[in-house]
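Given next are the chains, with one letter for each unit.
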Amino acid sequence: MGKSIDRRSLLFGSAGALGLAVLAACGDDKPAATPGGKADLGKLTYQLSWIKNVEFAGMYIADTNGYYKDAGFSSVELLAGGPNVSQDSVVAAGKALVGISSPDITGAAILKGAPIIAIGAQYQKNPFAIMSLASNPINSPQDLIGKKIGVQATNEPVWNAFLKANGIDPGRITKVPAQFDPQPLVVKEVDGWFSFFTNEPNLLKTKGIDTAVMLLNDHGYPMVSEIYVVRKDSLVKDRDKVKAMLTGDIRGWTMSVRDPALGAKLAAGTYGKDLKLDEAEQALESKAQNTVIATDDTKANGLFTITGRQIDETIKTLALGGLTITKEQLFDLSVLEEVYQDDPGLKAS
């Protein structure tokens, strides 16, 4: 059976140094024109937040279907992330135009002086969840009391903030140190498992094991995720490139939402081929993540947009974990607004 590789060890991992090439210069102040008449924006270097699995389906589709080139880029390099890659550091150093990250990681980097900012979010809800067996479901935070819950060390800050948000004394729950293989849940050594709702539940589903999933986002821990991060000065000197990248991504993710199997096939067969991913499991992950990408809000406002309510909720949730940052420090959605103003058809699609 192919692999389903968990990504959560990245979230609080150490920053890794990458020897990546700096974005290719586009020549003079006035870029050259492509044969189709568009400005040649040069190479798009894109730092992903994790390994090349279906989490980045929209980017694979945009690359494969030529959407980035249609927007003006001459070539594209998608850089894999991982537990030893600090995507925010790569972007801050100017070694990638854009990176995918999470508000907690980016917010912490900004407060330490990183000249970066978030310009949109793929996930309208964060994917953290408590997974349990369908035969013994955990459906609410109160159901956790008196139970044994497997929690990975890297996820303890989120776990603690979640309990705080729900007014639950940690002493009323037995926290069991865990790795990322949910086998202890399967054999009933624990009652619940800290997970991504897109990941472990679908892994177990392919093995014929039914689970119940409680999204933290729906129970006192609301926060957008998979945010787009760029250098702040890119919004001035490379604004055309940022807009072109977003245009390509909107087209790619629109296709992924329409056909979840498409990104799964590209992840397992092309971009993540060396990872020996299980295409069927990847298709389930793709379908699951689409539920937090294409929401009522993004259907009305456009993919990757974030409402004022969501921004306020994200800032409040970060504060629960001890990260105090203002919305002005973390978000600038002006470039995404311009993309949709320039091409309203992107929203309609």
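Treat the numbers as computed from the prediction; the structure is a model and nothing was measured. (Residues numbered from 1 in each chain as written. Predicted model: local features only at pLDDT ≥ 70, side-chain atom pairs only at ≥ 80, totals over all residues. Heavy atoms only, no water.)

*Asks:* Residue-level account of the nonpolar core, with values.
*Replies:* Of all hydrophobic cores here, the largest spans 53 residues; its most connected members are Y46, M59, I119, Y228, M245 and L246. Ranked by residue count, the leading element in this core is helix 9 (residues 239-258), at 6 residues. I116, F128, I149 and I173 belong to the second largest nonpolar core, which has 39 residues in total. (Core = buried A, V, L, I, M, F, W, Y, C linked by side-chain atoms within 4.5 Å. Buried < 20%, exposed > 50% of the residue type's maximum accessible area, 1.4 Å probe, protein only. Helix = DSSP H or I, 4+ residues; strand = E, 2+ residues; numbered from the N terminus.)

*Asks:* Quick rundown of the sheet that holds strand 3 (residues 98-101)? Include the residues and the values.
*Replies:* Taken in spatial order, the 5 strands of this open sheet run 2-1-3-10-4, and their pairing is mixed. Each edge of the open sheet carries a strand with a single partner, namely strand 2 (73-79) and strand 4 (116-123). Strand after strand, the sheet turns through a mean of 25° between neighbouring axes, direction not considered. With 2 bridges connecting them, strand 1 (residues 42-47) and strand 3 associate as parallel partners. Each residue of the ladder has a partner; that of Y46, found in strand 3, is V98. (Pairing = 2+ DSSP bridges. Axes fitted to C-alpha atoms, helices over the stretch in contact; angles between N-to-C directions.)

*Asks:* Can you tell me about the pattern of salt bridges, naming the residues and giving the values?
*Replies:* Under the defined criterion, the tally for this structure stands at 13 salt bridges. Taking the shortest distance from any N to any O, the salt bridge between K43 and E77 comes out at 2.7 Å. Here E77 lies in strand 2 and K43 lies in strand 1, a separation of 34 residues in the sequence. Overall, K43 belongs to the partly exposed group, its relative accessible area being 26%. A salt bridge links D297 to R309; the shortest N-O distance between them is 3.1 Å. A residue pair is termed long-range when its members are at least 10 positions apart, and D297 in helix 12 (residues 296-301) and R309 in helix 13 (residues 308-320) qualify at 12 residues. Looking at D297, the relative accessible area reads 25%, which means it is partly exposed. Using a relative accessible area of 48% as the deciding quantity, one classes R309 as partly exposed. Look at the salt bridges and you will find they share partners, linking R239, K243, E338 and D342 into a network. (Salt bridge = Lys/Arg side-chain N within 4 Å of Asp/Glu carboxyl O.)

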